[in-house]
Amino acid sequence: MVNRNLIREFDVTDEEEQAAIGLASPDEMEMDWLGGDDVTANQIVEGKVLRIDEEFVLVDVGYKSEGIIPRNEWEEGDELPQVGETIRVLVEDVEDIAGHQDDRGMIVLSKRKAEKIEKWMKVMETVKEGDVVTGTVTRKIKGGLLVDIGVNVFLPASQVDIRRPHDIGEYIGKPIKCLVLKIDEASRNIVVSRRSLIENERAQKKAELLKELEVGQLRKGTVKNIADFGAFVDLGGIDGLLHITDMSWGRINHPSEMVKIDDEVEVKILHIDYEKEKIALGLKQKSASPWDDVAAKYPVGSTHKGTVVNVMSYGAFLKLEDGIEGLVHISDMSWTKRISHPSEMVQIDQPVEVMVLDINQDKQEISLGMKQTQSNPWDKVADRYPPGQLVTGKVRNLTNYGAFVEIEEGIDGLLHVSDMSWTRKIGHPSEVVEKGQEVTCKVVSVDQERRRIALGLKQMDDDPWATDIPDRYQPGQLVTGTITKITNFGVFVGLEDGLEGLLHISELADHKVENPEDLVKVGDQIEVKILRVDADERKIGLSRKRVDWGDDQIGEDGATPSGDNGGPPAELKGGVGSGTGPLFKSATSTQEDE
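For clarity, every value in this text was computed on a predicted model and none was experimentally measured.

Undergrad: Looking at this model, I keep getting lost on the overall build of the protein chain. Mind explaining?
TA: Along the backbone of the protein chain there are nine helices and 30 strands. Evaluated residue by residue, the protein chain yields a buried proportion of 41% over its 594 residues. Considering only contacts within the protein chain whose residues lie at least 6 apart along the sequence, 59% involve residues at least 24 apart. As presented, the protein chain carries roughly 32,900 Å² of accessible surface, and 45% of it is formed by carbon and sulfur atoms.

Structure representation (structure tokens):
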């Protein structure tokens, strides 16, 4: 009987099974070699050799006619039987070669087929499915190998080994052990498996080995396979994984840097999962971790030489020794340079001097600094740039509120828009300076703790509001200016470069003005009278309607009698009063005061 379940268990394909069954010829499958008293076809009998000629061997098998065996059944080099010698033959046909069945004919015999059948019978007496047999691989056929165990049996290619060999032909001529998977008596074919035998032996060894293994043991094994994440080591029946992170305390890029296939290595058992039959192995654990005394070897504040082993966007990793690496964060690379990427400062394999900033022994992390090995230029910036000192630098960047000027590498000062001109109202720094321009400024202040330097352009000259403007612009004086801006409360008049005065809407005309643009346009030149100069507030009050007024029309406080134009009371117009309070008051606030 053929055990089909056993065949399926060992993954023998239909093609491989058919290849095995195909080893026997149809004629052989139909032979009945049990024999009987009479000489009949398909019977094995004994016969005596009568004669040997060039083509046939004549044999007497006790039949009414002699039988013949083709001489080519004996291979070249085989010893021929002697006349009178008894041999066993198979009766293939009782008709002679001419087709006659009478006393004149000779029956057809086969010595080779008789031997093959008897060998098969002998094997069948001693071999059954599930037995282990030993044989020699004789040749390679389609789908597998032929193995001689007394008769030729079929070893499918998929059953040669656990991992299919690149060339199964390398087994030809070698003795091997196999497990009998299938015996087909009808077609006289046997299918065997070497892989299943190996798997059974490994399973037995694995079970025995798992009982012996303990965490912490040192075991010798053979490297069987290498992957990107580690190497598989055969411990003698079970494979363990030697992960790349457990190969060395130092940095390695691939397991092949440490081991090669078929290397014999001694490893330490790190973990055993008995349920999943998985074993974690280690090489580096055979020696003490360099992190055990890292705090003593690399105390915080000490300086050391390291080698750059990796560069990331946030910093660079340095090797201090095998197994000890630290991170230099990008912010700890330079006191002054603006670094977009660490590669601007260091390259792989570059030696670098660093200072130990912090150690986390539990996480095996060391924080290192490059800039800390040098003096901080900001520590002495106040001495080098005292307030009042003139400095020259290049405009590095513009913002809405000012310009950053680099006065030395890594040291910037801020030139605020309010410090660009004593008189001009500057909306954006680009009105005064441009990026890349070299400018000379005065140091206004230094905040060493916050690392800030304030610069000024206007401070390079005296404040005209404290000296020149009050002298040149007196209340009651007539001046000519250009309309620079129109608002709903009045217009601004440019008196000179950077100096403006406010012509309030109430001072535009004798009559009430709803919209200043009804009277003036930007760019118009007009004559105005100075009502008030406020040096503290840096404001000049102007009037157009008072240009032709005489001094007797202006009161002591600069107010005018109420007019017929429907405007606000005279004191609301401001200008030449006591000099205190706002330049102009709104009508609303005046009503609240009343």
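Undergrad: In this structure, what is going on with the pairing of strand β3 (residues 67-70)? I would like to understand it.
TA: On any regular strand, side chains alternate: one points to one face of the sheet, the next to the other face. With four bridges joining them, strand β2 (residues 56-60) and β3 adopt antiparallel strand pairing. What sits directly across from F56, in β3, is P70.

Undergrad: Got a minute to help me understand the pairing of strand β28 (residues 499-504) in this structure?
TA: Counted residue by residue, β28 has five buried out of six residues, so it is predominantly covered. Direction of pairing for strand β27 (residues 490-496) relative to β28: antiparallel, over a ladder of six bridges. Each bridged residue has a counterpart across the sheet, and for V493 the counterpart in β28 is G501. Taken together, β27 and the strand that follows it, β28, pair antiparallel across an intervening segment of two residues, in which G498 is found at a positive phi of about 85°. Looking at chain direction, β28 and strand β30 (residues 539-543) are connected through two bridges and run parallel. Bridging across to β30, L503 finds its partner in L542.

Undergrad: Please explain the packing of aromatic side chains as it appears in this structure.
TA: Here the distance between the centres and the angle between the planes together describe a pair of aromatic rings. If you walk through the whole model with that rule in mind, you get four aromatic pairs. Both rings, one in F229 and one in F232, keep their centres 6.2 Å apart while their planes meet at 90°; by these two values the pair is edge-to-face. Here F229 falls in the partly exposed class, since its relative accessible area comes to 41%. Look at Y401 and F404: their rings are 6.3 Å apart centre to centre, the planes differ by 85°, and that puts the pair in the edge-to-face class. Looking at F404, the relative accessible area reads 22%, which means it is partly exposed.

Undergrad: In this structure, what is going on with helix α4 (residues 111-126)? I would like to understand it.
TA: Residues separated by three or four positions in an α-helix point in the same direction, a consequence of the helix having 3.6 residues per turn. For α4, spanning 16 residues, the distance from its first C-alpha to its last is 23 Å, which sits close to the expected 22 Å at 1.5 Å a residue. Among all positions in α4, only K111, A114, I117, W120 and V123 are buried. Residues of α4 that are buried sit in contact with β1 (43-52), β3, β4 (86-93), β5 (107-110), β9 (175-184) and β10 (189-193). You can read the cap of α4 off the contacts: a side-chain oxygen lies 3.1 Å from the backbone nitrogen of K113, and it is on S110.

Undergrad: So what exactly am I meant to see when it comes to the sheet that holds strand β26 (residues 478-487) here?
TA: Hydrogen bonding along the main chain pairs the strands of a sheet, whether they run parallel or antiparallel. In space, the five strands of this closed barrel follow the order β26-β27-β28-β30-β29, with mixed pairing throughout. Averaged over neighbouring strand pairs, the angle between their axes works out to 50° when direction is ignored.

Undergrad: In this structure, what is going on with the nonpolar core? I would like to understand it.
TA: Note on soluble globular proteins: their nonpolar side chains tend to be buried together. Judged by nonpolar contacts, the single largest core of 21 residues is most densely connected at L155, I190 and V192. Counting only elements with at least two residues in this core, the list comes to α4, β6 (132-141), β7 (144-148), β8 (152-156), β9 and β10. No other element matches β9, which puts four residues into this core. Filtering out sequence-adjacent residues up to four positions away, L155 remains in contact with G144, L145, V147, V160, I176, C178, V192, S193 and R194.

Undergrad: Please explain the confidence of the model for the protein chain as it appears in this structure.
TA: Do not read the predicted coordinates in detail wherever pLDDT is low. For the protein chain, mean pLDDT is 80; residues scoring 70 or higher make up 84% of the total. Across residues 100-104, confidence stays below pLDDT 50; counting only partners more than four residues off in sequence or on other chains, it has six contacts.

Undergrad: So what exactly am I meant to see when it comes to unusual backbone geometry here?
TA: Unusually for a residue other than glycine, Q364 sits at a positive phi of about 55°. Here Q364 is to be found in the loop between β19 (351-360) and β20 (365-369). Judged by its relative accessible area of 39%, Q364 falls in the partly exposed class.

Undergrad: Whenever I open this one, helix α5 (residues 194-212) confuses me. Can you help?
TA: Its 19 residues give α5 an end-to-end C-alpha distance of 27 Å, which sits within 8% of 27 Å, the value for a rise of 1.5 Å per residue. Its side-chain oxygen 3.4 Å from the backbone nitrogen of R195, S193 forms the N-cap of α5.

Undergrad: Explain the side chain of D131 to me, please; I cannot follow it from the model alone.
TA: Within the secondary structure, D131 is located in the loop between α4 and β6. There is a polar contact of 2.9 Å between the side chain of D131 and the backbone nitrogen of K128. The contacts of D131, once residues within four sequence positions are left out, are T126, C178, L179 and V180.

Undergrad: How should the side chain of E73 be read in this particular structure?
TA: Here E73 is to be found in the loop between β3 and β4. For E73, the side chain forms a polar contact with the side chain of S110, separated by 2.8 Å. Once you skip the residues sitting within four places of it in the chain, E73 turns out to touch L109, S110, K111 and R112.

Undergrad: Looking at this structure, how should I read the environment of G481?
TA: As for its placement among the helices and strands, G481 is situated in strand β26. Judged by its relative accessible area of 2%, G481 is buried. Considered as a pair, G481 and G523 are 42 residues apart in the sequence and their alpha carbons are 9.3 Å apart. For G481, the residues in contact, after removing those within four places along its chain, are V493, G494, D524, Q525 and I526.

Undergrad: What is the right way to read the sheet that holds strand β11 (residues 218-227) from this model?
TA: One closed barrel accounts for five strands, arranged β11-β12-β13-β15-β14; its pairing is mixed. Sheet twist, expressed as the average angle between the axes of neighbouring strands with direction ignored, equals 50°. Of the strand pairs in this sheet, β11 and strand β12 (residues 230-234) are connected by five bridges, and their pairing is antiparallel. In the sheet register, N225 faces β12, and the bridge partner there is F232. The strands touched by α5 within the sheet are β11, β12, β13 (239-243), β14 (264-273) and β15 (278-282), with β11 carrying the most contacts at an inclination of about 130°.

Undergrad: For this particular structure, what's the right way to read the pattern of salt bridges?
TA: Inspection of the entire model under this criterion finds 20 salt bridges. As a salt-bridge pair, K140 and D167 come within 3.6 Å of each other at their nearest N and O atoms. With K140 in strand β6 and D167 in the loop between β8 and β9, this residue pair connects regions lying 27 residues apart in the sequence. Here R472 and E496 are joined by a salt bridge, their closest N and O atoms 2.7 Å apart. Here the residue R472 occupies a position in helix α8 (residues 468-472), and E496 occupies one in strand β27, the gap between them amounting to 24 residues.

About the criteria used
- Residues numbered from 1 in each chain as written.
- Predicted model: local features only at pLDDT ≥ 70, side-chain atom pairs only at ≥ 80, totals over all residues.
- Heavy atoms only, no water.
- Helix = DSSP H or I, 4+ residues; strand = E, 2+ residues; numbered from the N terminus.
- Buried < 20%, exposed > 50% of the residue type's maximum accessible area, 1.4 Å probe, protein only.
- Contact = heavy atoms within 4.5 Å.
- Areas by Shrake-Rupley, 256 points an atom, 1.4 Å probe, with all protein chains shown as cover.
- Pairing = 2+ DSSP bridges.
- Phe/Tyr/Trp six-rings, centres within 6.5 Å; stacked < 30°, edge-to-face > 60°.
- Expected span 1.5 Å × (residues − 1).
- Polar contact = N/O pair within 3.5 Å; in protein donor to acceptor, adjacent residues only side chain to side chain.
- Axes fitted to C-alpha atoms, helices over the stretch in contact; angles between N-to-C directions.
- Core = buried A, V, L, I, M, F, W, Y, C linked by side-chain atoms within 4.5 Å.
- pLDDT = per-residue confidence, 0-100.
- Salt bridge = Lys/Arg side-chain N within 4 Å of Asp/Glu carboxyl O.

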